[in-house]
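Take a look at the letters that make up each chain.
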Amino acid sequence: MPEGDTVWLAAKRMNTALAGQTLRRGELRVPQLAATDLTGRTVAEVVPRGKHMLTRFTDGWTLRTHYRMDGSWHIYRTGARWRGGPAFSIRAVLATDQWDCVGYRLHDVAMVRTADESSVVGHLGPDVLGPDWDLDEALRRLRSHPDEQVGVAVLDQRNLCGPGNLYKVEGLFVCGVHPWVRVADVADLPGLVKRTRGLMLANRDRPEQSTTGDLRRGRDHWVYGRKDKPCYRCGTPILRGDQGPDLQERITYWCPTCQATDAPVDPAARTGEPDHPPPLPGAH
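Only a predicted model underlies this, so the values are computations on that prediction, with no experimental measurement involved. (Residues numbered from 1 in each chain as written. Predicted model: local features only at pLDDT ≥ 70, side-chain atom pairs only at ≥ 80, totals over all residues. Heavy atoms only, no water.)

This paragraph deals with the pairing of strand S10 (residues 250-254). As paired elements, strand S9 (residues 239-243) and S10 share five bridges and run antiparallel to each other. Bridge assignment links Gln243 to a residue of S10, and that residue is Arg250. Following S9, the chain reverses through six residues before pairing antiparallel with S10; Gly244 in that reversal takes a positive phi of roughly 125 degrees. (Pairing = 2+ DSSP bridges. Helix = DSSP H or I, 4+ residues; strand = E, 2+ residues; numbered from the N terminus.)

Overall, the coordinates contain one cavity of 30 Å³ or more when judged by the stated rule. One number sums up the size of the largest cavity: a volume of about 40 Å³. What lines the largest cavity is Gly4, Trp8, Pro48, Gly50, Asp127, Leu129 and Gly162. Of the residues in the lining of the largest cavity, the class split is three nonpolar, three polar and one charged. (1 Å grid on protein atoms, 1.4 Å probe; cavity = no way out; pocket = protein on both sides within 12 Å on 5 of 7 lines; lining within 4 Å. Points joined across faces, edges and corners; volume = space filled by probe spheres on them. Nonpolar A, V, L, I, M, F, W, Y, C, P; charged D, E, K, R; others polar.)

A separate point is the pattern of salt bridges. Under the defined criterion, the tally for this structure stands at 16 salt bridges. Between Asp100 and Arg24 there is a salt bridge, with its nearest N and O atoms 2.9 Å apart. Taken together, the positions of Asp100 in strand S7 (residues 99-104) and Arg24 in the loop between helix H1 (4-18) and strand S1 (25-28) put the pair 76 residues apart, joining distant regions of the chain. Using a relative accessible area of 37% as the deciding quantity, one classes Arg24 as partly exposed. For Asp214, the salt bridge is made with Arg216, and the minimal N-O distance between the two is 2.7 Å. A single network of salt bridges, built from pairs that share partners, joins Lys12, Arg204 and Asp205. (Salt bridge = Lys/Arg side-chain N within 4 Å of Asp/Glu carboxyl O. Buried < 20%, exposed > 50% of the residue type's maximum accessible area, 1.4 Å probe, protein only.)

With that out of the way, let us pick up the domain arrangement of the chain. One can read the domain layout of the chain as domain 1 (4-122) and domain 2 (135-254). Taken over C-alpha atoms, the centre of domain 1 sits 29 Å from the centre of domain 2. Facing ten residues of domain 1, the contacting portion of domain 2 comprises 13 residues. In total, domain 1 and domain 2 occlude about 880 Å² of area from one another, counting both sides; carbon and sulfur atoms represent 52% of this. For the domain 1 face of the interface with domain 2, the top three residues by lost area are Asp5, Trp8 and Lys51, together amounting to 54%. At the junction of domain 1 with domain 2, the criterion picks out one salt bridge. A salt bridge links Lys12 to Asp205; the shortest N-O distance between them is 3.2 Å. In this assembly, domain 1 and domain 2 are joined by five residue pairs in polar contact (both at pLDDT 80 or more). (Domains from an automatic or database assignment. Contact = heavy atoms within 4.5 Å. Buried area = accessible area lost by both parts, 1.4 Å probe. Polar contact = N/O pair within 3.5 Å; in protein donor to acceptor, adjacent residues only side chain to side chain.)

To continue, consider the layout of surface pockets. In this approach a probe as big as a water molecule rolls over the atoms, and the regions it shows empty are the leftover space. Of the voids in this model, the largest pocket is the one considered here, and its volume is about 700 Å³. Taken together, 23 residues line the largest pocket, and the ones lying closest to its centre are Leu155, Asp156, Gln157, Gln248 and Arg250. Of the residues belonging to the lining of the largest pocket, the class tally is six nonpolar, ten polar and seven charged. A domain-level breakdown of the lining of the largest pocket finds at least three residues from each of domain 1 (4-122) and domain 2 (135-254). Computed from the structure, the second largest pocket encloses a volume of approximately 290 Å³. Along its surface, the second largest pocket is lined by 15 residues, and Thr6, Leu9, Ala10, Arg13 and Trp73 are the ones closest to its centre. For the lining of the second largest pocket, the class distribution of residues is seven nonpolar, five polar and three charged. Looking at the lining of the second largest pocket, you find at least three residues from each of domain 1 (4-122) and domain 2 (135-254).

Shown next as structure tokens:
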């Protein structure tokens, strides 16, 4: 599932292409909205809300879309070939005189009054990348379920919205927190939330997602996707397991040494930048 920073960057690009422009073509290719024609409407702005994208129109309506696991928006110059997938996977087309914004495999497509956006996103917690980010409120929501596994709680968009599995895994590693520890047992919960947010802020303006500071493929993550490979800090093989409620499990990676339930946490892991992984052999 795309992370919140992916949606943030997509919304930024969509806003640049569409804000203030009148649609010469506006189609929603989902059964419940097949008769809705957006042609002639003017886009006020495109904004992210966690993993949701809100396209607001000047007439007081909002188009809400969600990527879920496989959705995406693609932007093409008018007249360019669309390459995001087969035509039958297109769920929305928003086109101006200069740009074609094409939504592939989108989910939760809905039109709501802008004044009623809370009906579709009001359940979400504070947006990690939003202008109204509220750390205290996010902590209050997390602490309201003290017995929840912290790896599950950080992914619950009702607590804080935006982080996905990648940033959950990497944030927990950087802070030395075991994914299955109870929220109540996390010694520095504010530090965990701040560091997870910091990782997302560092990546929101680029398509690449690196938590190590190294953009080279295979060197960009501390533990995510690195099962059985040596931890960059201690050399212990990285473990992988499923975490979460039945039918909602997410693959989780962790270092059993650096994130042992009784392991002391290096203060630098919370307050400073973690060490970068060593260079690849022969790299300069």
